[in-house]
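Notes for the structure review
So you can see what is in the structure, the chains are spelled out below.
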Amino acid sequence: MTVPWDDAKGKSKGFIFVEFKHAEDATFALNAMNGHPFDAKHTFFITRFTDIERYANLDETYVEPKPEEFKPREHLRAWLGDPQARDQYVTYRGDEVEIHWHGKPSQCEIAQKKNILYTSWSPLGTYLASLHRQGVRLWGGPSFEPQQRFAHPLVKLIDFSPCENYLVTWSHDPIMVPEGAQQGPQFFSPEDEGNNIAVWDVKTGNLLRTFPTAYPDGDDSKRQLQWPALKWSPDDKFVGRVTPGQQISVYELPSMGLQGKKSIKIEGVVDFEWCPLGDKDREEAEKGANGAKGAKKVKENMLAYWMPEVANQPARVTLMEFPSRTVLRQKNLFNVTDCKLYWQNHGDFLCVKVDRHTKTKKSIFCNLEIFRVREKDFPVEVVELKDTVTDFSWEPKGERFVIISSNDPNLGNPGPGITIKTDVSFYQLDVRGKGDFRLLRTLPARTSNTVRWSPRGRHVMLATVGSSSKSELEFWDLDFHNDDFGRREGSKDEWGSGIQHLGTADHYALTDAEWDPSGRYLATSASAWRHTLENGYAIWDFRGQEIEKHILDRFKQFLWRPRPPSLLTKEQKRQVRRNLKEYSRQFEEEDAAEESNVSAELVALRKRLVDEWNAWRKRCKEEIADERKRRGKKADVDSDEQKEEEKEEIEVWIDEVIEQIEEEVVE
Amino acid sequence: MRPILLQGHERSLTQIKFNREGDLLFSASKDHVINVWFTDNGERLGTYDGHNGTVWTIDVDSQSTFLVSGSADNLMKLWSVQTGKCLFTWEFNTAVKRVAFSETDDQIVCVTEQRMGYQGAIWIFDINREGDGTQQSKEPANMFHPVGSKATLCAFAHVPGMIVTGHESGKVALFDAKTGEEVQSNERAHMDVVTDLQLSSDRSYFVTSSKDKTARLHETKTLEVLKTYTTETPLNSAALSPGKPYVLLGGGQEAMSVTTTSLRQGKFETRFWHKIFEEEIGRVKGHFGPINTIAVSPKGDCYASGGEDGFVRVHHYDESYFRAKPYGDLEVDE
């Protein structure tokens, strides 16, 4: 460090030279200190020495910049065109993110080290988002080129809209716009200062709007962020934000203006959820958009919200149509402590899990209020339970759900080493009977606390997550008897007999479990974010057979790449299903070819390794022989001795005391 | 593989050694006693009493006449294998961490620990094999202080007058015994303490284990890393298997942190790795504490492991072990 001194003035010339050992150190200092304000008048600027030289010798003549050649962008959904239709997954370990193909030759696609803090896929799998200190970056295409970036410093959480058009980011630190920061539609402007949430357009990278974080009411210590803070309607047309206790504000896209210029004022509202779109809705919406004849009026979006008991008013769950804001159905509830809204993923049912307390407020029990959204007048059915329900999960596209309930006294106060006993129950809509939800089967005395339905339904995995002593995975099939797809109509089996346990597996200290998009494989991982015991991941098939297992230090995250909905029509799908046998024969052939290919490669590799080793050993032996000769000793000391030894006979005496009798002879 | 459980130690094992014929097994432990066993049936032949501290290390010469031991009572002792009598005692200022005979049995090398203001040192003593062995010189033939990270392991290298050492920093080095000069070194051989170092029968290569969860095969002459075996647990010992291209690795969660984890967490298994393909072949369970030391009989027909649990388990290989060719007909030189 040199400080040039102005002797005449008796003070420094106002700049210093600092030398660093490594270029990275210099870059770090540049990033950290450039523009640092010492006080109101003095600001610290850093310039690289090489830059000074470069700009000093700059050519002053103007050269016409060449227009950038058009480069065709890589296809963002190229991975779907894989001839073997393999899925991809991303692993995040240490500070390295890797993308793998899931398949026989498990190969790593790219590896990048860029101080990544977190990664995530977009909901249809088009982009891979990575969080950095400076903001979010999106990657895509077959070679994972950078696609877009969003400058939100110290971003902690991100959320995509369901159709991948928009991105929401959140940072704990309020937005600050330093002086001289870049301006433009992609950057924060001074009006955004102090806000935490930002909404971006994915395609252009433009900032749409920012919001402050809305915390639920109550004292500061209990303030907990709700994430996602902004809730998207399934068609990306609206985004809603709840201000607890006051209102739901819905914004229109892409303008991000408040819809109807006013929020929906609801006294005491706690939470809301949009109704998801089913396949049918999607088709109809498309038809409507194309202006085809005969298309019905496009169904409006629907949302459900609830509010707790206030004063003398009962708690209430409401279904509302949007944007017309007509209330479709309301249900009053009593003695409510908490509500959770669960939509079935096609929007056929809404289950409101109501935690209720007895009059004395001592014990808590649970009601499931199931709204049948597709039927006229939205009939509501109530399933009453005596225990506390800790987890609820709809079967995707299905009419079944699983609940995990518990009456363990330790439930409220989890301590180390305590495993809570739970019951797992399956329910199904009884089509033949009264048309209500009936219990299929209960599995008593489990420790499972997590349910994962296969994205195709039918298969379900129960796991014990976050326990230090138990880590069981159970794989269940709910339609074991009839492989036929048109199952429920023709089934004359006994109620609940189709449930079959397929397998049990164990992944020590797992923290996460996720099905692949095809529902054939399940990945479990133990993340270093939660603990440091045996981090790594494993992939299982739907029967609970282990396919791969990797124990990796500092392993953090495993994510399957989601797939967009299939483009095949129903007719085509049926065709595929009919010819399944033919296809499976083809696949088996391919597999066999692949396997023999791999094993041939492996044999060759081993042969090479052994040859290398043997050659090295030969060299070594020769050297040693030479060395010995030089020292005037016998070249092979061992040989005669070994001969002697061979002759040696080994006799082994085995003394076994079979019985010992002590006799006392009394004379 | 029917294991024989040798229950003769009250505290954890520190080192076990086979003699050249593989019929005797010597074991040293923290309970101050050295035991010798018949490998065949696990019967205890006798003990070598006299140390007054943890016996850290032992070595037996190729003729099974002398046994040398180093201990935390700052003594190194020479024993008669046959009678169990202590023939000679050398005294140092600090504990003796590792001893080893030379190929021709006429020299001993030992490492003394760096502690209490004393520098760590490597000592080489000439052994007088004439007479009853009690006539030994108190003065070392050579002595030097390795600079840098302290040495924990040592052995005679491929040529006389060369010492190979393992260090706390993960360094592996070659020293000239006469001058004490570091001839060759590999600073980044391991990322953590080197816990064991065992040479091949012709001393042209050796295997080291380390707390960094890897074991490595090095060429003695160049100290070049030939192979790396990466496991998921800290390793305490690594041994080469004569006759088969395997290396045996043992270790497990640190003894002090074992109680906070479950048994299956500990990974107290002996792992068999293929020496050349660097892949794991199998594991042998049994110990309920970390494995501290592994030795393979020079004949290659059995191996033994000594654990923190105080037991030595001797495993004689089944017939099928010798017949099995898991990798086809590839011939691998020793």
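Here the residue numbers are simple positions, counted from 1 along each chain's written sequence. Written order determines the labels here, with chains lettered from A and ligands numbered from 1. Reporting in this predicted model follows two pLDDT cut-offs: at least 70 for local features of residues, and 80 or more for side-chain atom pairs to be given and counted; totals over whole chains, interfaces and linings ignore these cut-offs and use all residues. Hydrogens and water molecules were not included; the side-chain quantities draw on all heavy atoms of the structure.

**Here we look at the overall build of chain B**
We count it as follows: Secondary structure elements are defined from DSSP: runs of H or I of at least 4 residues count as helices, runs of E of at least 2 residues count as strands, and each element is numbered from the N terminus. Only protein chains enter the calculation, and the probe is 1.4 Å; a residue is then buried if its accessible area is under 20% of its type maximum, exposed if over 50%, and partly exposed in between. Any pair of residues with heavy atoms lying within 4.5 Å of one another is described as a contacting pair.
Along the backbone of chain B there are three helices and 28 strands. In chain B, buried positions account for 59% of the 334 residues. Summarising the internal contacts of chain B: among those between residues at least 6 apart in sequence, 44% fall at separations of at least 24.

**Focus on the overall build of chain A**
When its secondary structure is counted, chain A shows seven helices and 41 strands. Going through the 667 residues of chain A one by one, you find that 40% of them count as buried. A separation of at least 24 residues holds for 47% of the contacts in chain A among residues at least 6 apart in sequence.

**A closer look at the interface of chain A and chain B**
Note the threshold: Note on definitions: buried area is the accessible-area loss of two parts on being combined, 1.4 Å probe, summed for both. Any carboxyl oxygen of Asp or Glu within 4 Å of a side-chain nitrogen of Lys or Arg constitutes a salt bridge here. A 3.5 Å cut-off defines polar contacts: any pair of N or O atoms within that distance qualifies, except that in protein one atom must be a possible hydrogen donor and the other a possible acceptor, and neighbouring residues in sequence count only when both atoms are side-chain atoms. Here the nonpolar group is Ala, Val, Leu, Ile, Met, Phe, Trp, Tyr, Cys and Pro; Asp, Glu, Lys and Arg are the charged ones; every other residue, Gly included, is treated as polar.
The interface of chain A with chain B comprises 26 residues on the first partner and 34 residues on the second. In this assembly, chain A packs against chain B so that about 2,600 Å² is buried in total across both faces, 52% of it on carbon and sulfur atoms. Per-residue buried area on chain A facing chain B is highest for A:R606, A:W613 and A:W616; these three make up 24% of the total on that side. Remark: the boundary between chain A and chain B carries three salt bridges. Put simply, chain A and chain B have five residue pairs in polar contact (both at pLDDT 80 or more) between them. Secondary structure elements with two or more residues in the side of chain A that touches chain B: helix 6 (580–630) and helix 7 (638–647) of chain A. Classifying every residue of the side of chain A that touches chain B by side-chain character gives 11 nonpolar, one polar and 14 charged.

**Let's talk about the sheet that holds strand 6 (residues 55–60) of chain B**
Residues and elements named next belong to chain B. Our working rule: Should DSSP find at least two bridges between two strands, the strands are taken to pair. Axis angles are defined between N-to-C directions and span 0 to 180 degrees, where every axis is a line fitted to C-alpha atoms and, for a helix, only to the segment in contact.
Taken in spatial order, the four strands line up as 6-7-8-9 in an open sheet, and their pairing is antiparallel. Each having just a single partner strand, strand 6 and strand 9 (86–91) make up the two edges of the open sheet. Direction aside, neighbouring strands of the sheet carry axes that sit 15° apart on average. Sheet topology places strand 6 next to strand 7 (residues 66–71); five bridges connect them, and they run antiparallel.

**Concerning the UniProt feature "repeat: WD" (unreviewed entry) in chain B**
To be explicit about the condition: UniProt positions are given in the numbering used here, feature names are shortened, and annotations may be inferred rather than shown by experiment.
With numbering matched to this structure, UniProt assigns "repeat: WD" (unreviewed entry) to residues 6–47, 48–89, 187–228 and 284–314 of chain B. Taken end to end, residues 284–314 of chain B has its terminal C-alpha atoms 11 Å apart, with 0% of it in helix and 52% in strand.

**Some words on the confidence of the model for chain A**
Residue and element names in this part refer to chain A. The condition is simple: Here pLDDT means the predictor's own confidence in every residue, given as a number from 0 to 100.
Mean pLDDT for chain A: 78, with 84% of residues reaching 70 or above. Here residues 218–222 is modelled with pLDDT under 50, and outside its nearest four sequence neighbours on either side it reaches zero contacts, counting other chains as well. For residues 484–491, every residue scores under 50 in pLDDT, and the model assigns this stretch 12 contacts once sequence neighbours within four places are set aside.

**With respect to a positive patch on the surface**
Residues and elements named next belong to chain A. Short version of the rule: Nonpolar side chains (Val, Leu, Ile, Met, Phe, Trp, Tyr) within 5 Å and like charges within 9 Å form the patches, drawn only from residues with over 30% relative accessible area and no salt bridge. Surface accessibility in these figures is a Shrake-Rupley result with a 1.4 Å probe; residues are shielded only by whichever protein chains are displayed. His residues and chain termini do not enter the charge count, which takes Lys and Arg as positive and Asp and Glu as negative. Note that the charge is assigned to NZ on lysines, CZ on arginines, CG on aspartates and CD on glutamates.
On the surface, a cluster of positive charge is contributed by K280, K397, R456, R520, K570, K573 and R577. It is helix 5 (residues 570–578) that provides the largest number of residues to the positive patch, a total of three residues. Tracing the backbone through its elements, the reader meets K397 in the loop between strand 29 (388–394) and strand 30 (400–406).

**Section: a nonpolar patch on the surface**
A surface patch of nonpolar side chains, amounting to about 610 Å² of accessible area, comprises A:M1, A:V3, A:W5, A:I16, A:V18 and A:F20. Within the secondary structure, A:V3 sits in the segment before strand 1 (5–6).

**Digging into the side chain of B:T39**
Residue and element names in this part refer to chain B. If you trace the backbone, T39 turns up in the loop between strand 4 (34–38) and strand 5 (44–48). Of the residues examined, T39 reaches a relative accessible area of 3% and is grouped as buried. Apart from residues lying up to four places away in sequence, T39 is in contact with I4, F18, G22, D23, L24, L25, C302, V314 and H316.

**Description of unusual backbone geometry**
All names here are of chain A. Not every positive phi belongs to a glycine, and L154 is a case in point at roughly 55°. By secondary structure assignment, the location of L154 is in the loop between strand 11 (145–150) and strand 12 (155–160). The phi angle at K397 is positive, at roughly 60°, despite the residue not being glycine.

**Quick notes on the nonpolar core**
In plain terms, the rule: Buried residues of nine kinds, namely Ala, Val, Leu, Ile, Met, Phe, Trp, Tyr and Cys, make up a nonpolar core once their side-chain atoms join them within 4.5 Å.
Residues B:L217, B:Y229, B:V247 and B:L249 are the most contacted members of the largest nonpolar core, which totals 19 residues. Elements with a minimum of two residues in this core: helix 6 of chain A together with strand 19 (205–210), strand 20 (214–219), strand 22 (235–241) and strand 23 (246–251) of chain B. Broken down by element, the residue count for this core peaks at five residues, all from helix 6 of chain A. Ignoring sequence-local partners within four residues, the contact set of B:V247 consists of B:V207, B:Y229, B:A239, B:L240, B:R271, B:F272, B:W273 and B:K275.

**Digging into the sheet that holds strand 28 (residues 380–385) of chain A**
The strands making up a sheet associate through hydrogen bonds between their backbones, and the pairing can be parallel or antiparallel. Residues and elements named next belong to chain A. Across the sheet, which stays open at both edges, the four strands sit in the order 25-26-27-28 with antiparallel pairing between neighbours. A single partner strand is all that each edge strand has here, and the edge strands are strand 25 (336–343) and strand 28. The average undirected angle you get between the axes of adjacent strands in this sheet is 20°. Relative to strand 27 (residues 364–372), strand 26 (residues 349–357) is paired through nine bridges, and the arrangement is antiparallel. Within strand 27, the residue paired with R356 across the bridge is F365.

**Some details on the packing of aromatic side chains**
Residues and elements named next belong to chain A. Rules: Aromatic rings from Phe, Tyr and Trp, taking only the six-membered ring of Trp, are treated as a pair when their centres fall within 6.5 Å; an angle between ring planes under 30 degrees marks them as stacked, one over 60 as edge-to-face, and anything in between as tilted.
Tallying each qualifying case throughout the model produces 47 aromatic pairs over all chains. Consider the rings of Y89 and Y537, whose centres lie 5.9 Å apart with planes at 65°: the pair is edge-to-face. Residue Y89 is found in strand 5 (residues 87–93), and its partner Y537 is found in strand 39 (residues 536–541); the two are separated by 448 residues along the sequence. As far as burial versus exposure is concerned, Y89 and Y537 are alike and both buried. A ring pair is formed by F401 and Y427, whose centres lie 5.1 Å apart and whose planes are at 10°; its orientation type is stacked. One end of the pair, F401, is in strand 30; the other, Y427, is in strand 31 (residues 422–429), and 26 residues separate them in sequence. Ring pairs connect the aromatic residues Y342, F349, F392, W394, F401, Y427 and F437, which therefore count as one cluster.

**Overview of the pairing of strand 10 (residues 136–140) of chain A**
Regular strands show a simple pattern: their side chains alternate between the two faces of the sheet. Residues and elements named next belong to chain A. Burial analysis of strand 10 places five of its five residues in the buried class, the great majority of the element. Burial of the side chains of strand 10 extends over both faces: V136, L138 and G140 are buried on one face and R137 and W139 on the other. The sheet contact formed by strand 9 (residues 128–131) and strand 10 spans four bridges and is antiparallel. Paired with L128 across the two strands is W139, which belongs to strand 10. Here strand 9 hands over to strand 10 after four residues, with G135 in that stretch at a positive phi of 160°. As paired strands, strand 10 and strand 11 are joined by five bridges and run antiparallel to one another. Bridge pairing links L138 to Q148 in strand 11.

**A short note on the pattern of salt bridges**
Residues and elements named next belong to chain B. Tallied over the entire structure, the rule returns 32 salt bridges over all chains. One salt bridge connects K17 with D59, and the closest N-O pair in it is separated by 3.2 Å. Highlighted residues: K17 in strand 2 (residues 13–18) and D59 in strand 6, separated in sequence by 42 residues. For D59, a relative accessible area of 8% corresponds to the buried category. For the salt bridge of R98 with D196, the shortest nitrogen-to-oxygen distance reads 3.0 Å. Here D196 lies in strand 18 (residues 194–199) and R98 lies in strand 10 (residues 96–101), a separation of 98 residues in the sequence. Grouping residues by exposure puts R98 and D196 together as buried.

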